[in-house]
Amino acid sequence: MTLTQRRRIFIIVTLGLLSAIGPFSIDMYLPGFEAIASSLQTSAAHIQLSLTSFFIGIASGQIVYGPLLDRFGRKIPLIIGLVIYIAASIGCALTNSADNLMWFRFIQALGSCGGMVASRAMVRDFFGPAESAKIFSLLMLVIGVSPILAPTVGSFVMAHWDWHGIFLVLAVMTTSILLIVIFFLPESKGPNPTLSLMPKPITRSYWEVFKTRQFFSYAFAGGLASSGLYAYLAGSPYVMMTLYGLSEKQYGLVFALIASALITASQLNRLMLNNYTSEQLARIALIVQSSIGLVLVLCSITGFINLYLMVALIFLFLGSQGFVFPNTSALALSPFSRLAGSASALLGSVQMACGALSSAMVSYFHNGTAIPMASVMAGCAFLSLIIVLGLSPKTS
């Protein structure tokens, strides 16, 4: 498909917005954990489980969207997913129970899956395998803005309204994206009636993707590396606001600073791809990330750490992720064209399943220190590095 420069920019921004729905849904309500817990008469740890339920919803829901995107084209399943997300967001805003919040967050996640899976598949459709890593880096620019804006918007809503307003704002924002998708985003791949939606052919398609060594190794490497980010998301509200005494506004500012590392690194990655391969950049980034994770754990265990050192180490740790995500995603999806939707769904499912596990581990091992968060972050980075060094095939 030949695209004008203006059309190309519009598509990249729109795909970035679709990809950012999930992260924005996570980051925006983090400053409200304590307020939500107080309002629903429960603990912050209990509310933290709504984050885990969101991850579980994204991990499981993406499996459903993959075959639908390959069978019916990209836009129809995407539109349905966005409608589900909007309805669930309103449900979150109206709930008066922590358990109901977890269920609505799960349904909200199922809806957000449409945007996440479709955006990755459409990158493959519009730009092809050769250019995908650079486009994923550009998407990181849009996605990376969400951790900067989301906690700030969440804090603003909390200050002028209450936590219910956070989910209403998410519903309004997603409605705007839905209108853009319906009226302006072109279809990147039409329906394919030859693809069956019966369980056996779907399972066969997913198995065809899963058993491909390049997909398997880079999907799990990228998923585990991303889990370090989700461990940070799960643990940082307690660490930053309870242990270090930051206010909601201060936490939002620190969150934005750390998020800027992802943005900067992802754009450096796009430039470095002119001279290095995706495999080389992913490998070096994981070595750096694992080393920083080890330092973070040792400092947390020994107590030789303060707020400034904590923020600096996490900044560097997540900066490394800006090199890992675009390259592992592009490498995992590169072998597929006909099954790009299923491959995108399975990739996202692997990433979010790892994220759900890591966030649950931070909650489970919570002991009133930063050690659980730091340990899970470092462990994810080391496992990812082991996979890249030991299992990933040479692709160039």
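Residues numbered from 1 in each chain as written. Predicted model: local features only at pLDDT ≥ 70, side-chain atom pairs only at ≥ 80, totals over all residues. Heavy atoms only, no water.

1. A closer look at the side chain of Ser226
And step 1. For Ser226, the location among the structural elements is in helix α8 (residues 213-243).
And step 2. Side chain to side chain, Ser226 and Gln321 meet in a polar contact 3.2 Å long. (Helix = DSSP H or I, 4+ residues; strand = E, 2+ residues; numbered from the N terminus. Polar contact = N/O pair within 3.5 Å; in protein donor to acceptor, adjacent residues only side chain to side chain.)

2. Focus: the packing of helix α11 (residues 307-333) against helix α13 (residues 371-390)
And step 1. With their axes 12 Å apart at the nearest point, α11 and α13 run at an angle of 25° to one another. Here α13 runs roughly parallel to α11, going by the angle between their axes. Note that α11 runs across α13; the crossing there is left-handed. Contact residues: Met310, Ile314 and Phe317 in α11; Met373, Met377 and Ala381 in α13.
And step 2. For the contact of α11 with α13, the per-class residue count stands at six nonpolar, no polar and no charged. (Axes fitted to C-alpha atoms, helices over the stretch in contact; angles between N-to-C directions. Parallel < 35°, antiparallel > 145°, perpendicular 65-115°, else oblique. Left-handed = near helix turned anticlockwise from the far one by under 90°. Contact = heavy atoms within 4.5 Å. Nonpolar A, V, L, I, M, F, W, Y, C, P; charged D, E, K, R; others polar.)

3. Describing the environment of Phe317
And step 1. Position of Phe317 among the secondary structure elements: in helix α11.
And step 2. Assessed through its relative accessible area of 1%, Phe317 is described here as buried.
And step 3. Between the alpha carbons of Phe317 and Phe127 there is a distance of 30 Å; along the sequence they are 190 residues apart.
And step 4. For Phe317, the residues in contact, after removing those within four places along its chain, are Gly228, Gln289, Ile292, Gly293, Met377 and Ala381. (Buried < 20%, exposed > 50% of the residue type's maximum accessible area, 1.4 Å probe, protein only.)

4. Looking at unusual backbone geometry
And step 1. The backbone of Gln41 shows a phi angle near 55°, a positive value even though the residue is not glycine.
And step 2. Positionally, Gln41 belongs in the loop between α2 (33-39) and α3 (44-72).

5. With respect to the nonpolar core
Across soluble globular proteins, nonpolar side chains show a tendency to be buried alongside one another.
And step 1. Core analysis: the biggest nonpolar cluster contains 110 residues, and Leu18, Tyr232, Met240, Met310 and Ile314 have the highest contact counts within it.
And step 2. What Tyr232 contacts, discounting residues up to four positions off in sequence, is Pro237, Phe255, Ile258, Ile314, Leu318, Met373 and Met377. (Core = buried A, V, L, I, M, F, W, Y, C linked by side-chain atoms within 4.5 Å.)

The values reported here are purely geometric and, on their own, carry no functional implication.
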